[in-house]
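# Tertiary structure, described
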Amino acid sequence: MDEWIDLAALGRVLLASLVGGAGLVAVFSLGLVGLSEHEGRMRSGTHAGRGGSPLGLAVASGCFLCVAAGVAVGLWAMLKG
Amino acid sequence: MDGDTLLLVTVVATALAFDFTNGFHDTANAMATSISTGALRPKVAVAVSAVLNFVGAFLSLSVAATIASGIVDSGAITLTVVFAGLVGGILWNLLTWYLGIPSSSSHALIGGVVGAALIADGTGAVNGSGVVSKVILPALLAPVAAGLVAGLGTYLAYKITSNVSQNVRDKGFKAGQIGSASLVSLAHGTNDAQKTMGIIALALIAHGSLDEGADPPFWVIASCAVAISLGTYMGGWRVIRTLGKGLVEIQTPQGFASEGASASVILASSHFGYPLSTTHVVSGSILGSGIGRRLADVHWSVAGRMATAWLVTLPAAGLVGALAWKGADLIGGTAGVAAVFVLLVACASAFYLAARKAPVNSENVNDEWTGSVAPQRDGVPAGV
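Keep in mind that this is a model prediction, so the values were computed, not measured.

Before going further, it helps to examine the overall build of chain A. When you go through chain A residue by residue, the secondary structure sums to 2 helices and 0 strands. Taken across its 81 residues, chain A has 36% of its residues classed as buried. Counted over contacts in chain A with a minimum sequence separation of 6, partners at least 24 positions apart contribute 45%. Of the roughly 4,400 Å² of accessible surface on chain A, a fraction of 70% belongs to carbon and sulfur atoms.

Listed per partner, the contact involves 46 residues of chain B and 36 residues of chain A. Counting every contact that joins chain B to chain A gives 0 salt bridges. For the interface between chain B and chain A, the tally reads 4 residue pairs in polar contact (both at pLDDT 80 or more). Listing elements by their share of the side of chain B that touches chain A, those giving two or more residues are helix 5 (128-160), helix 6 (166-207) and helix 9 (252-271) of chain B. It is helix 5 of chain B that contributes the most residues to the side of chain B that touches chain A, 13 residues altogether. For the side of chain B that touches chain A, the class distribution of residues is 27 nonpolar, 18 polar and 1 charged.

All names here are of chain B. Put simply, helix 1 (residues 3-37) and helix 3 (residues 79-99) touch, their axes get as near as 9 Å, and they point 30 degrees apart. Between helix 1 and helix 3, the crossing angle belongs to the class labelled roughly parallel. For the element pair helix 1 and helix 3, the recorded crossing hand is left-handed. Across the interface between the two elements, Leu7, Thr10, Val11, Thr14, Ala15, Ala17, Phe18, Thr21, Asn22, Phe24 and His25 from helix 1 touch Leu79, Phe83, Leu86, Val87, Gly89, Ile90, Asn93, Leu94, Thr96 and Trp97 from helix 3. When grouped by side-chain class, the residues that make up the contact of helix 1 with helix 3 number 13 nonpolar, 8 polar and no charged.

Taking 1.5 Å per residue as the helical rise, helix 12 (residues 333-357) of chain B with its 25 residues ought to reach 36 Å, and the 38 Å between its terminal C-alpha atoms agrees with that figure. Where the residues of helix 12 of chain B are buried, they touch helix 1, helix 3, helix 8 (237-246) and helix 11 (300-331) of chain B.

Two side chains carrying opposite charge are able to pair once their charged atoms lie near each other. Residue and element names in this part refer to chain B. As enumerated under the stated definition, the model contains 2 salt bridges over all chains in all. Linking Lys195 and Asp192 is a salt bridge whose minimum nitrogen-to-oxygen distance equals 3.3 Å. Of the two residues, Lys195 and Asp192 are both situated in helix 6; the distance of 3 residues between them amounts to about one turn of the helix. What makes Lys195 partly exposed here is its relative accessible area of 33%. Exposure remark for Asp192: the relative accessible area of 3% places this residue in the buried category. Across the pair Lys245 and Glu249 runs a salt bridge, and its minimum N-O distance is 3.4 Å. Owing to a relative accessible area of 34%, Glu249 belongs among the partly exposed residues under this scheme.

Further remarks concern helix 1 of chain B. Residues and elements named next belong to chain B. Compared with an ideal rise of 1.5 Å per residue, which puts 35 residues at 51 Å, helix 1 spans 52 Å between its outermost C-alpha atoms and is within 8% of the ideal. A bend of about 60 degrees at Met31 is the largest found in helix 1. The buried fraction of helix 1 is high, at 26 of 35 residues. Once helix 1 ends, the next one or two residues include Gly38, with phi positive near 85 degrees.

Definitions and cut-offs
Residues numbered from 1 in each chain as written. Chains lettered and ligands numbered in written order. Predicted model: local features only at pLDDT ≥ 70, side-chain atom pairs only at ≥ 80, totals over all residues. Heavy atoms only, no water. Helix = DSSP H or I, 4+ residues; strand = E, 2+ residues; numbered from the N terminus. Buried < 20%, exposed > 50% of the residue type's maximum accessible area, 1.4 Å probe, protein only. Contact = heavy atoms within 4.5 Å. Areas by Shrake-Rupley, 256 points an atom, 1.4 Å probe, with all protein chains shown as cover. Salt bridge = Lys/Arg side-chain N within 4 Å of Asp/Glu carboxyl O. Polar contact = N/O pair within 3.5 Å; in protein donor to acceptor, adjacent residues only side chain to side chain. Nonpolar A, V, L, I, M, F, W, Y, C, P; charged D, E, K, R; others polar. Axes fitted to C-alpha atoms, helices over the stretch in contact; angles between N-to-C directions. Parallel < 35°, antiparallel > 145°, perpendicular 65-115°, else oblique. Left-handed = near helix turned anticlockwise from the far one by under 90°. Expected span 1.5 Å × (residues − 1). Bend = angle between axes of the 7 residues up to and from the residue.

See the structure below:
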């Protein structure tokens, strides 16, 4: 089997891209939820229509920073080879 | 100019032409979804992608003067074989562009070289298990892996933002999509321009004007960067249309999830040394983003056409490569290579003229998908 397919490398690629791809997409989405909270634009729920939530802004900032860090790690990983 | 130098110049020109078609064919990989969701205007998208491909080409830290290593015996790689392989790669890229099918430029090049090596040196020159493990299996696995990541990402993106206002969601995902598409462009420049640099380095070594193991001169890096970014800027609109409109009707969260998945799979695969074709990854991601969103419309007939083209890429480019080698060999020497080069230019012009009859460009790239690459005009199917 090893002659045909490098399962270890493939497994690492899949794991890294699930965390880095789907994971960061989810974190970014959470950031949008925070941003929406902050702007008081949630469609429904306890916070609907109430603006200026500082918690929302904090969540959004944290999430977007996390995504930016993920991108930096990804670029570093590619260039390092 | 003596014969050897003429041969070198022809091979370098052909390599740069391949680099150009590579950029041209693959603009879609990074930008198709951003164009179809309206995150970027078509002209802006190709310009951004061109600049990032240019920058990416300069980021290549190590250029290896190898081609199809582990697939074709390095002793069989002569200048004429490399030239014939490039011809196979270019013509396959142009045909699939004309048909609007995203197919892998790297596979086209490898196919061309394998075909030329087979006819030049016989079956002993090609490593069968290398073809399976480095070309065929990755081609099957890449879209599945990318599709899985994109599908999960799309599902999560919709789930998490279901309660977010339309305005924030649209703007946010569009911004995110521009970022992730830029990342794909940069990675494309780094990985793909490097291949052409390696080919030119190989030609220079064979000519004796570059020492083996030495870094290629600056003009090689610069000319490859220019060729791939010019190709990208020309925009392979036909392929962009198929990927952006033909495969799946894409909304912004899907576009973001699929570009994010593509970027992560491409970066991870180059880090862990499991080379996957950008084209296969991106096509898989877009399909995955269609499956991840319930009720999204996936055009399976287009996906089937694409998969067929992937299967045919290796043998078809191989056949052209073999014919090109045979043609050059029959005429003999530098004159043979020059004759095949002239034929290549003629074929390329024919594809260009044929495509102009039913053009796809920045104006009509986002028109409603009606089952054909070129949008219908006034209800009349416009060919292809």
